[in-house]
Amino acid sequence: MDIPRFPADSPRAQASRLRLRTTIRHRWFAVAGQTGTILLLYYGFQFPVPLGACFVFILLSATLNLMLSLAFPRSQLLSTRYSAALLCFDMLQLTGLLLVTGGIQNPFIFLLIVPVAVSASTQRLRVTASLAALTVVLATVLAIWHWPLPWAGEPPVLPPDYQVGVWAAVVSCIVFMAVYAWRIEQEAREMAQALSATEMVLARETRLTALDGLAAAAAHQLGTPLSTITLVARELEREIPKDAAIRDDIELLQTQAARCRDILSQLSRAGREEEQDEIFSQMRLRHLLEEVVAPLRTPETDIIVTVGDTSPHGKSVAEPIILRNPGLMHSLENLIDNAAEFANTRVMVDATYNAEEVKVRIGDDGPGFHPTVINRLGEPYVTNRTRAEADDEEHGMGLGFFIAKTLLERSGASISIANRTAPETGAIVEISWPRDRLAASL
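Every value quoted in this text rests on a predicted model; they were computed, and no experiment measured them.

**A few points about the overall build of the protein chain**
- Counting its regular elements, the protein chain contains 14 helices and seven strands.
- By residue count, 36% of the 442 residues in the protein chain fall in the buried class.
- Relative to all contacts within the protein chain whose residues are 6 or more apart in sequence, the contacts with residues 24 or more apart total 72%.
- With the model as given, the accessible surface of the protein chain reaches about 26,100 Å², and the carbon-plus-sulfur share is 61%.

**What to know about the pattern of salt bridges**
- All chains considered together, the criterion is met by ten salt bridges.
- Ionic pairing is found between Glu-357 and Lys-359, a salt bridge with its closest N-O pair at 3.7 Å.
- On the accessibility criterion, Glu-357 (29% relative accessible area) is partly exposed.
- For Lys-359, a relative accessible area of 27% translates into the label partly exposed.
- For Arg-361, the salt bridge identified is with Glu-430, shortest N-O distance 3.9 Å. With Arg-361 in strand β5 (residues 357-364) and Glu-430 in strand β7 (residues 427-434), the pair connects residues that are 69 residues apart, well separated along the chain.
- A relative accessible area of 35% means that Arg-361 is categorised as partly exposed.
- Glu-430 gets classed as partly exposed once you look at its relative accessible area, which sits at 22%.

**A look at the confidence of the model for the protein chain**
- Mean pLDDT over the protein chain stands at 80; residues scoring 70 or higher make up 79%.
- Residue range residues 1-15 is modelled with pLDDT below 50. Its contacts to residues more than four positions away, or to other chains, number 21 contacts.
- When the criterion is pLDDT under 50, residues 390-397 qualifies, and its contacts beyond four places in sequence or with other chains add up to ten contacts.

**Quick notes on the pairing of β7**
- Where burial is concerned, most of β7 is hidden: six out of the eight residues are buried.
- Bridging between β5 and β7 involves seven bridges; their strand directions are antiparallel. By the bridge assignment for β7, Arg-361 is matched with Glu-430.

**Notes on a nonpolar patch on the surface**
- On the surface, Leu-39, Tyr-42, Tyr-43 and Phe-55 cluster together into a nonpolar patch covering about 370 Å² of accessible area.
- If one sorts the elements of the nonpolar patch by residue count, helix α2 (residues 20-44) sits on top with three residues.
- Inspection of the secondary structure assignment puts Tyr-42 in helix α2.

**Some words on the side chain of Ser-411**
- Within the element layout of this structure, Ser-411 appears in the loop between α13 (400-410) and β6 (414-419).
- Owing to a relative accessible area of 4%, Ser-411 belongs among the buried residues under this scheme.
- At 2.6 Å, the side chain of Ser-411 forms a polar contact with the backbone oxygen of Leu-408.

**Concerning the nonpolar core**
- With 38 residues, the main nonpolar core has Leu-288, Leu-289, Ile-431 and Trp-433 as its most contacted residues.
- At the level of elements, α10 (285-293), β2 (302-309), α11 (326-342), β4 (346-353), β5, α13 and β7 are the ones that each hand at least two residues to this core.
- Tallying contributions element by element places α11 first for this core, with seven residues.
- Not counting the four nearest positions on each side in its chain, Leu-289 is found in contact with Val-305, Val-307, Leu-332, Val-349 and Ala-351.
- Listed in part, the 17 residues of the second largest apolar core include Ile-109, Leu-138, Val-170 and Ala-178.

Rules behind the numbers
Residues numbered from 1 in each chain as written. Predicted model: local features only at pLDDT ≥ 70, side-chain atom pairs only at ≥ 80, totals over all residues. Heavy atoms only, no water. Helix = DSSP H or I, 4+ residues; strand = E, 2+ residues; numbered from the N terminus. Buried < 20%, exposed > 50% of the residue type's maximum accessible area, 1.4 Å probe, protein only. Contact = heavy atoms within 4.5 Å. Areas by Shrake-Rupley, 256 points an atom, 1.4 Å probe, with all protein chains shown as cover. Salt bridge = Lys/Arg side-chain N within 4 Å of Asp/Glu carboxyl O. pLDDT = per-residue confidence, 0-100. Pairing = 2+ DSSP bridges. Patch = residues over 30% accessible without salt bridge, like charges linked within 9 Å, V, L, I, M, F, W, Y side chains within 5 Å. Polar contact = N/O pair within 3.5 Å; in protein donor to acceptor, adjacent residues only side chain to side chain. Core = buried A, V, L, I, M, F, W, Y, C linked by side-chain atoms within 4.5 Å.

See the structure below:
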């Protein structure tokens with residue numbers, strides 16, 4: 001099964017996974033921790049901490065939190081741009097505190113890793129790499145220039161080699177944490193997408209399997225009523241005069257009953273028929289479409305089939321040979337039958353092919369898809385008919401398009417639906433296959 005993946009430039013792929021509530025809560029914890037640490041050092045250990053400078057940076061963080069809390073709902077999901085900006089602010093605010101409290105000599109220098117770790121688990125790789133590079137630059141600045149380390153008495157003098165080692169340790173932790181956390185989170189994202197896609201496919205396959213059982217039950221239960229209808233229709237045909245106006249209706253009733261018997265017979269044989277002769281099961285695209293369309297043509301609705309090669313001039317290819325697959329035949333018949341039902345006078349079935357793909361476009365001149373259902377067609381029990389029409393007709397449950405779409409997607413097809421552009425009216429269903437997939441998978 002192909003797992004759907006989001007392109008790198010899609011809105012879904014570019015969205016941040018960081019909520020405003022999360023970043024506000026963490027920033028309040030940071031404000032509380034920084035405030036408590038500064039006060040403990042100043043009053044508890046009697047370290048000459050520059051309180052004014054420290055509280056300026058802490059107040060900046062608290063002010064930002066208050067502004068964000070008042071301006072936005074806390075449940076808001078931050079965009080990538082704003083998430084990166086807030087993480088950069090946290091990095092700069094922490095760098096400011098370290099700058100006035102000893103720089104690289106401050107044991108809290110390793111807190112610079114925290115914003116990078118948060119970015120690696122919530123942002124794209126480019127954002128995390130940029131933030132990690134900024135952190136390395138800031139750590140380098142702190143190693144070169146900083147205020148003295150607050151100390152009760154004469155501060156210790158750390159050898160330059162030791163300070164270089166601390167800088168190297170900080171940079172190594174930043175790079176390792178960024179790569180490792182991003183890779184773990186990326187695998188989690190891919191697994192979540194795979195599980196979501198699998199659940200969707202399994203749910204749809206489960207519904208389709210249930211429908212297969214309903215079809216088998218229908219084939220068994222409807223056999224006797226159809227036989228009774230056929231028998232009564234024949235008796236009525238014998239009893240009424242040949243010139244009676246109702247005779248055409250009786251003949252139509254017999255024809256439709258016979259068609260119902262054929263459909264039920266196909267359903268009952270599905271999955272139990274022996275493999276057909278290989279030569280008989282192969283058909284050209286034109287012949288396959290004509291076989292599907294033939295029983296659907298009526299005097300009221302004209303169904304026009306066209307087949308053409310869309311290859312560049314001078315590079316024409318042979319018409320594709322397609323395996324006569326029951327699922328494909330049923331799906332196309334269902335879609336064309338729906339088009340004929342809603343069409344005013346005409347249905348167009350236009351098939352095109354080239355060396356890469358095969359397309360079948362089914363269009364009609366009817367009212368088109370209803371705006372309220374066009375985006376949901378393909379889901380079970382979603383129909384383009386009105387409630388009254390659906391109640392009056394057994395086939396109005398909205399399952400036909402769902403079944404056809406599922407069967408076609410099994411064969412590797414992609415399906416798109418649309419309405420014609422005004423002033424034209426009507427619906428369009430376009431089905432496309434990779435040419436090699438169509439012949440190989442059916």
